[in-house]
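Tertiary structure, described
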Number of protein chains: 2
Amino acid sequence: MVTIYDIAAKANVSAMTVSRVINNTGRISEKTRTKVKRVMEELNYVPNQMARSLVLQQTNLLFLLITDITNPFYTTLARGAEDAARKHGFRLLFGNSDEDLDKENEYLDTILKTRTDGVLVAPTGDASLPHLEMLRKHGVPFVLIDREVPGVESDIVLGDGKEGARQLVGHLAERGHRRIALINGSPHVSSARQRLEGFREALKLNDLAYSENNVLETSFGPRNDLSEVGAWLDRIDPDTTAIIAGNNFLAVEVMRSLAARGRKAPDDMSIVCFDELASYAEVDPFVTVISQQAYQFGYLGMQMLIDRIKEGEAAGPWKKIVLPSELIVRRSVKTLG
Amino acid sequence: MVTIYDIAAKANVSAMTVSRVINNTGRISEKTRTKVKRVMEELNYVPNQMARSLVLQQTNLLFLLITDITNPFYTTLARGAEDAARKHGFRLLFGNSDEDLDKENEYLDTILKTRTDGVLVAPTGDASLPHLEMLRKHGVPFVLIDREVPGVESDIVLGDGKEGARQLVGHLAERGHRRIALINGSPHVSSARQRLEGFREALKLNDLAYSENNVLETSFGPRNDLSEVGAWLDRIDPDTTAIIAGNNFLAVEVMRSLAARGRKAPDDMSIVCFDELASYAEVDPFVTVISQQAYQFGYLGMQMLIDRIKEGEAAGPWKKIVLPSELIVRRSVKTLG
DNA sequence: TAATTTAGGGTTATCGGTAACACAATTTAT
DNA sequence: ATAAATTGTGTTACCGATAACCCTAAATTA
């Protein structure tokens, strides 16, 4: 491997001079500078980031940890985060926890070991608390996205899940639906809790009954086995005419399960959900959704993270950005009587 | 920051002893081992990967560079790669080149600087040649996925694009289509070339005419501005009854552009494409596609990469895996006559 | 002309770990 | 009982870079 010493030897200068040329620091005569640069090109020199980070105590690397890389909400968010990081000269690395606390832990380990300068993280759930405390203890700045964790104070970017749920229920009520079901993520995930809360409030507001039986709390992640969803569909109140899905994947799974039972939206069951269903939604604009500004989640979150890193962690109180959600009405809801 | 020296001091041993405990190397008495371990826990010690990598000359980190993180084909591939890497104890980092040579270059820079042990890369196109030569020159093992680069010899995982195109044309011909158009990725991308070649061969095979006018070579990446696609649709041969899209996003864009013109598939135009349209395809199985085993792309590619790393680069000839493609017939093709 | 300043560049120590070797105290073999 | 092997641990040098300090020669200044 080519090192600054190789460059130094070949250019007849000291290693320090080479270092100065690389970093554009100190005083160097134009002559030496060009000479050193030529040798660097000749030898295809690439600085060793490990050595650099070791002495500088910073890596110029940021980390984005999401819970599901196959979910378009998170990949769009990732694009936003990437753009913001690049704008400030940071390099961005991704990790995918897959809604799995153990994998999250592994990535945390990687983050700590590699001494990443900061982390943008969508925690798997409330159980991520020790992971985030670990980051804090080790002085790694982080910003939460999409999900709060009770007991953790930090900068955070959230969607307005409560309001979103209210809008969805309101929309369904307007269309004449009186018995609405909810399939949701785990209650250990704040966004799921928010959506459930909004759901219950909105039911009350619209004089609709809440039925325990009509709520399934499962996981936001994709699943191969649809039997849980199917079984739930079989036992929900028979007069149910609409289902709210806590995210895009759940909506898809409900629709698949319905299809397996020979039922179809919106004729046999109305369906609405949170988050867009990928770009395909633009082709066949079918499912009525609460759309979240996924790109902004990533962009603003990353912006806050970088601000923290630059200002120093202690600068100012924690910031909380709540992004509004927007109801996009399409064709998956039937208007009743 | 806590270092092995802090541990060593507190445990009344030498730094080397601590290192031995961490890595489970050398001989350590059980008594010392537990003592050191206790101190490590007490101080929340995390090894500094920078320092470690510097002396070991390896990072235990692999890199996956894809061209579009919002495309479900690549994210599914990413899941496969991740699983394979984890299985062998490697940590995986992601990068997203966005079909952009400059961004690819930036990631390459990151890869070289951080001394990643190996790279799984979907090159942006033939112009990636110097990037790959750079990797080779610096002794970074890499495996190509999805796209070949003329002039580069390496392990590679490819789809059978020619055969896929043949199947699509065959299917359309069977359904009575005589004039078929193709919207494709850039000719500087091998997969696009393969698909075009297969397309032309299959036309001949089915006694169908090839018309220059009916082929648009654009980019595989998503675009905001659909005017190019729209303009092309307006000028293709008027007797065209079917369009083959070179990938999923192109199919979506064609359908959107058609919709903007008040036309709909399959009644006004039949559409088929390569790659699945995300999980939504399972709900409303609409577009007839050539499906590629995205997960296998990632899993097998990563497997090959790790084999190379473990065996040493020079072990054995380069391997090439060609994954078969499967035609999934759905409802986007109209039967003519 | 002597005293400063400035430009240009070299020396040394250090970041946090690990390999290679050294060495004393046991244990085992002869 | 003595030589040889084994065990457990410490020392030193080094991975590749940079900060802090030092030094010499030329350019300014008084």
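Just so we're clear, the structure is a prediction, and the values are computed from it rather than from any experiment.

Looking now at the domain arrangement of chain A. Often, the extent of an interface is quoted as the loss of accessible area upon association of its parts. All names here are of chain A. Assigned domains of chain A: these are domain 1 (4–47), domain 2 (57–159 + 294–324) and domain 3 (161–292). One C-alpha centre belongs to domain 2, the other to domain 3, and the line joining them spans 28 Å. Every contact between the two is made by 16 residues of domain 2 and, on the other side, 17 residues of domain 3. Around 1,200 Å² of area is buried between domain 2 and domain 3 when both sides are counted, 46% of it from carbon and sulfur atoms. Taken together, the connections running from domain 2 to domain 3 amount to one salt bridge. Put simply, Arg193 and Asp126 hold a salt bridge, and the shortest N to O gap is 2.6 Å. Linking domain 2 with domain 3 are six residue pairs in polar contact (both at pLDDT 80 or more). Breaking the side of domain 2 that touches domain 3 down by element, the ones donating at least two residues are helix H5 (72–87) and helix H13 (294–311). Its residues assigned to classes, the side of domain 2 that touches domain 3 shows five nonpolar, five polar and six charged.

Next up on the list: the sheet that holds strand S10 (residues 288–291) of chain B. Within a sheet, each strand pairs with its neighbour through backbone hydrogen bonds, oriented either parallel or antiparallel. Residue and element names in this part refer to chain B. An order of S7-S6-S8-S9-S10-S12 is seen for the six strands of this open sheet, with the pairing classed as mixed. At either margin of the open sheet sits one strand with a lone partner, and together these are strand S7 (215–217) and strand S12 (326–328). Each adjacent strand pair in this sheet contributes to an overall mean axis angle of 15°, direction not counted. For strand S8 (residues 242–245) and strand S9 (residues 270–274), the ladder comprises four bridges, and the chain directions are parallel.

Attention shifts here to the nonpolar core. One finds Leu64(A), Leu135(A), Met302(A), Leu64(B), Leu135(B) and Met302(B) to be the most contacted residues of the largest nonpolar core, which totals 94 residues. In this structure, Leu64(A) is in contact with Leu77(A), Ala78(A), Ala81(A), Leu92(A), Leu93(A), Phe94(A), Gly95(A), Leu120(A) and Ile145(A), ignoring residues within four places of it in sequence.

What follows deals with the protein's contact with DNA strand D. Taken together, 27 residues sit near DNA strand D, with Ile4(A), Ser19(A), Tyr45(A), Thr17(B) and Arg20(B) positioned nearest. By atom count, sugar and phosphate contribute 63% of the portion of DNA strand D lying within 4 Å of the protein. A distance of 3.2 Å separates a sugar or linking oxygen of DNA strand D from a polar atom in the side chain of Gln57(B). Broken down by secondary-structure element, the contributors of at least two residues to the surface near DNA strand D are helix H1 (4–11), helix H2 (15–23) and helix H4 (49–56) of chain A together with helix H2 (15–23) and helix H4 (49–56) of chain B.

Bringing the interface of chain A and chain B into the picture now. Between chain A and chain B, the contact holds 55 residues from the first and 55 residues from the second. Both sides together, the interface formed by chain A and chain B hides about 5,300 Å², and carbon and sulfur atoms give 60% of it. Between chain A and chain B we count six salt bridges in total. For Arg86(A), the salt bridge goes to Glu106(B), with nearest N and O atoms at 2.8 Å. Of all elements in the fold, only H4, strand S1 (61–66), H5, strand S2 (91–96), helix H6 (101–114), helix H7 (129–137), helix H11 (248–260) and helix H12 (280–283) of chain A reach the threshold of two or more residues within the side of chain A that touches chain B. Top contributing element to the side of chain A that touches chain B by residue count: H6(A), with eight residues. Tallied by class, residues from the side of chain A that touches chain B come to 25 nonpolar, 15 polar and 15 charged.

Criteria and cut-off values
Residues numbered from 1 in each chain as written. Chains lettered and ligands numbered in written order. Predicted model: local features only at pLDDT ≥ 70, side-chain atom pairs only at ≥ 80, totals over all residues. Heavy atoms only, no water. Domains from an automatic or database assignment. Contact = heavy atoms within 4.5 Å. Buried area = accessible area lost by both parts, 1.4 Å probe. Salt bridge = Lys/Arg side-chain N within 4 Å of Asp/Glu carboxyl O. Polar contact = N/O pair within 3.5 Å; in protein donor to acceptor, adjacent residues only side chain to side chain. Helix = DSSP H or I, 4+ residues; strand = E, 2+ residues; numbered from the N terminus. Nonpolar A, V, L, I, M, F, W, Y, C, P; charged D, E, K, R; others polar. Pairing = 2+ DSSP bridges. Axes fitted to C-alpha atoms, helices over the stretch in contact; angles between N-to-C directions. Core = buried A, V, L, I, M, F, W, Y, C linked by side-chain atoms within 4.5 Å. Buried < 20%, exposed > 50% of the residue type's maximum accessible area, 1.4 Å probe, protein only. Near = heavy atom within 4 Å.

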